[in-house]
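Chain by chain, the residues:
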Amino acid sequence: MRRQSTAADGPRRATVTDVARRAGVSTATVSRVMNRNYPVAEATRERVEAAMRELGYVVNAHARALAGASGRTVGIIVNELIDPFYAYIARGVEREAALGGRLCLVCCAQGDPQRELAFVELMHERRADAVIVVGGSVADRGYTSELARRARELDAGGSKLVLCGRPPLGEQAPTAAVEYDNEGGAFAITDHLLMQGHERILYLGGPPKLSTTRDRLAGHRRALELRGVTPDPELAQPGTFSRNFGYRRMAELLREGPDFTAVFAANDIVAAGAAQALEEAGVRVPEDISLVGYDDIPVAQELRPRLTTVHVPLEEMGRQAVRLAVGGGDEDDWREPTTGALRLGTHIVVRDSVAPRSGRSTRM
């Protein structure tokens, strides 16, 4: 079949829209067929390819490059690149962005709120389709106000700020949000320890002012209170989310003589450090002290004994963050429609690091 033409302009190159109209699909489906980066039904693929042949459609690489320069970008801002919590979320963002032909730019704020704001501004200047900020935040009115202002600027430019695993900015800030049941996971893992007879439970790690820590401590304390156990402030030992902190603080507590039978580490990295200190001190897990973590990253299965922990759907959080910001616009999209906020569940993964409390004294 001849290429489309007009009397005034002569032959006109067929466009993606022309191909989509001829094949009876969306332009996104045509793009997926061309890029082969997304599953498409064989019958649909054949229909699109037939339409391309009939219209004489040829991919214009130069035009595609120009289009990519003006957008097609998703920015993700994390606290630390080598932390598996952030790395798995970033992987989900990158994979979902790639499905839509978008470039993923990863920025590391290193825990500095001002760097985070600067990166949001940079992504705005680059006309990113979405800017995803990941992880907990510290309650600061000035920072929150500035981030809300940037959210409004992004929204005015057709972009979206997505909060991934952090508190909302208020009704006046046009954002999308992907949350996980942080407090519920902490409640469930604490209740698991209580059901095994442990009442003296050490909570170890997590910056005390961070929203992530506040939620986990809230769930932990709620479980204690519902079981009639009065929370002991001495058993809450906040700190960083690091292996070094878990090792150092646990070693110190063991030298003092532990007054606990179980440890709830604020994340699996802290648990790994605590496990090392326990092993070096000759304390057996779980025979002498039970140990649990949070996040369910690979180290949880690498530890011996394997770590009981709370599973957080990290990669799915990243995927959903992109979908909330830029997805849901295709009429043939197989996914259910997304909204401006999404809450994902957490659950316990029971492995080998918890045992019933022994009858002997908690003092060692």
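Note that the structure is a prediction, hence the values are computed from the model and not measured.

The number of helices and strands found in the protein chain is 13 helices and 14 strands. Within the protein chain, the proportion of its 364 residues that are buried is 48%. Nonlocal contacts in the protein chain, meaning residues at least 24 apart in sequence, comprise 74% of its contacts between residues at least 6 apart. Carbon together with sulfur atoms contributes 50% to the accessible area of the protein chain, which is approximately 17,800 Å² in total.

Reading across from one edge, β4-β3-β5-β6-β7-β13 is the order of the six strands in this open sheet, with parallel pairing throughout. Looking at strand neighbours, the two that pair on one side only are β4 (103–108) and β13 (341–344), the edges of this open sheet. The mean inter-strand angle of the sheet, taken between neighbouring strand axes irrespective of direction, is 15°. The pairing of strand β3 (residues 73–78) with strand β5 (residues 130–134) spans four bridges and is classified as parallel. Note on β5: the bridge partner recorded for Ile76 is Ile132.

Before going further, it helps to examine the packing of helix α1 (residues 16–23) against helix α3 (residues 42–55). Viewed as axis vectors pointing N to C, α1 and α3 meet at an angle of 120°, and their least axial separation amounts to 9 Å. By the angle class used here, α1 and α3 are oblique. α3 is crossed by α1, and the crossing has right-handed handedness. Across from Asp18, Val19, Arg22 and Ala23 in α1, the residues of α3 making contact are Arg47, Val48, Ala51, Met52, Glu54 and Leu55. A breakdown of the residues in the contact of α1 with α3 according to their chemical character gives six nonpolar, no polar and four charged.

Here we come to the confidence of the model for the protein chain. When pLDDT is averaged across the protein chain, the result is 87; 87% of the residues are at 70 or more. Predicted confidence for residues 1–10 stays below pLDDT 50, and this span has 15 contacts to residues more than four positions away or in other chains. Confidence over residues 360–364 falls short of pLDDT 50; this stretch has 13 contacts with residues more than four positions distant or in other chains.

Once that is clear, we can look at the nonpolar core. In terms of nonpolar packing, the biggest core is built from 69 residues, with Ile132, Val134, Met250 and Met317 touching the most fellow members. If one sorts the elements of this core by residue count, helix α11 (residues 268–280) sits on top with seven residues. Among residues more than four places away in sequence, those in contact with Val134 are Ile76, Ile77, Val78, Phe85, Tyr86, Ile89, Cys164 and Arg166. Core analysis: the next-biggest nonpolar cluster, separate from the first, contains 20 residues, Cys107, Met123, Ala128 and Leu147 among them.

With that out of the way, let us pick up the environment of Thr144. In this fold, Thr144 is placed in helix α7 (residues 141–156). What makes Thr144 partly exposed here is its relative accessible area of 26%. Linking Thr144 and Ala173, residues 29 residues apart in sequence, is a C-alpha distance of 9.9 Å.

Here we take up the side chain of Thr213. Tracing the chain through its elements places Thr213 in helix α9 (residues 211–226). In terms of polar contacts, Thr213 uses its side chain to reach the backbone carbonyl oxygen of Pro207, at 2.8 Å. Among residues more than four places away in sequence, those in contact with Thr213 are Tyr203, Gly205, Gly206, Pro207, Pro208 and Phe241.

This part takes up the packing of aromatic side chains. A ring pair, where both rings are aromatic, is described by two values, the distance of the centres and the angle of the planes. Summed over the entire model, instances satisfying the criterion amount to four aromatic pairs. Their ring planes at 85° and their centres at 5.3 Å tell us that Phe85 and Tyr86 sit as a pair that is edge-to-face. With respect to class, Phe85 is no different from Tyr86; both count as buried. When the centroid spacing of 6.4 Å and the interplanar angle of 15° are considered together, the rings of Phe264 and Tyr294 count as stacked. Of this pair, Phe264 sits in strand β10 (residues 262–265) while Tyr294 sits in the loop between β11 (290–292) and α12 (299–302), and the two are 30 residues apart along the sequence. The pair formed by Phe264 and Tyr294 is uniform in burial state, with each residue classed as buried. Here a set of aromatic residues connected by ring pairs shows up, and it is made of Phe85, Tyr86 and Tyr180. One Lys or Arg, Arg216, reaches over the ring of Tyr294 and ends 3.7 Å from the middle of that ring.

Turning our attention to helix α8 (residues 182–195). In a regular helix each residue adds 1.5 Å, so 14 residues correspond to 20 Å; α8 covers 20 Å between its end C-alpha atoms and thus fits that length. Burial within α8 is extensive, with ten of its 14 residues counted as buried. Along α8, the residues that are buried comprise Asn182, Gly184, Gly185, Ala186, Ile189, Thr190, Asp191, His192, Leu193 and Leu194. Capping the start of α8, Asp181 holds a side-chain oxygen 2.9 Å from the backbone nitrogen of Gly184, two or three residues further along. Just past α8, the residue Gly197 takes up positive phi, approximately 95°.

The rules behind the values
Residues numbered from 1 in each chain as written. Predicted model: local features only at pLDDT ≥ 70, side-chain atom pairs only at ≥ 80, totals over all residues. Heavy atoms only, no water. Helix = DSSP H or I, 4+ residues; strand = E, 2+ residues; numbered from the N terminus. Buried < 20%, exposed > 50% of the residue type's maximum accessible area, 1.4 Å probe, protein only. Contact = heavy atoms within 4.5 Å. Areas by Shrake-Rupley, 256 points an atom, 1.4 Å probe, with all protein chains shown as cover. Pairing = 2+ DSSP bridges. Axes fitted to C-alpha atoms, helices over the stretch in contact; angles between N-to-C directions. Parallel < 35°, antiparallel > 145°, perpendicular 65-115°, else oblique. Left-handed = near helix turned anticlockwise from the far one by under 90°. Nonpolar A, V, L, I, M, F, W, Y, C, P; charged D, E, K, R; others polar. pLDDT = per-residue confidence, 0-100. Core = buried A, V, L, I, M, F, W, Y, C linked by side-chain atoms within 4.5 Å. Polar contact = N/O pair within 3.5 Å; in protein donor to acceptor, adjacent residues only side chain to side chain. Phe/Tyr/Trp six-rings, centres within 6.5 Å; stacked < 30°, edge-to-face > 60°. Lys NZ or Arg CZ within 6 Å of the ring centre and 35° of its normal. Expected span 1.5 Å × (residues − 1).

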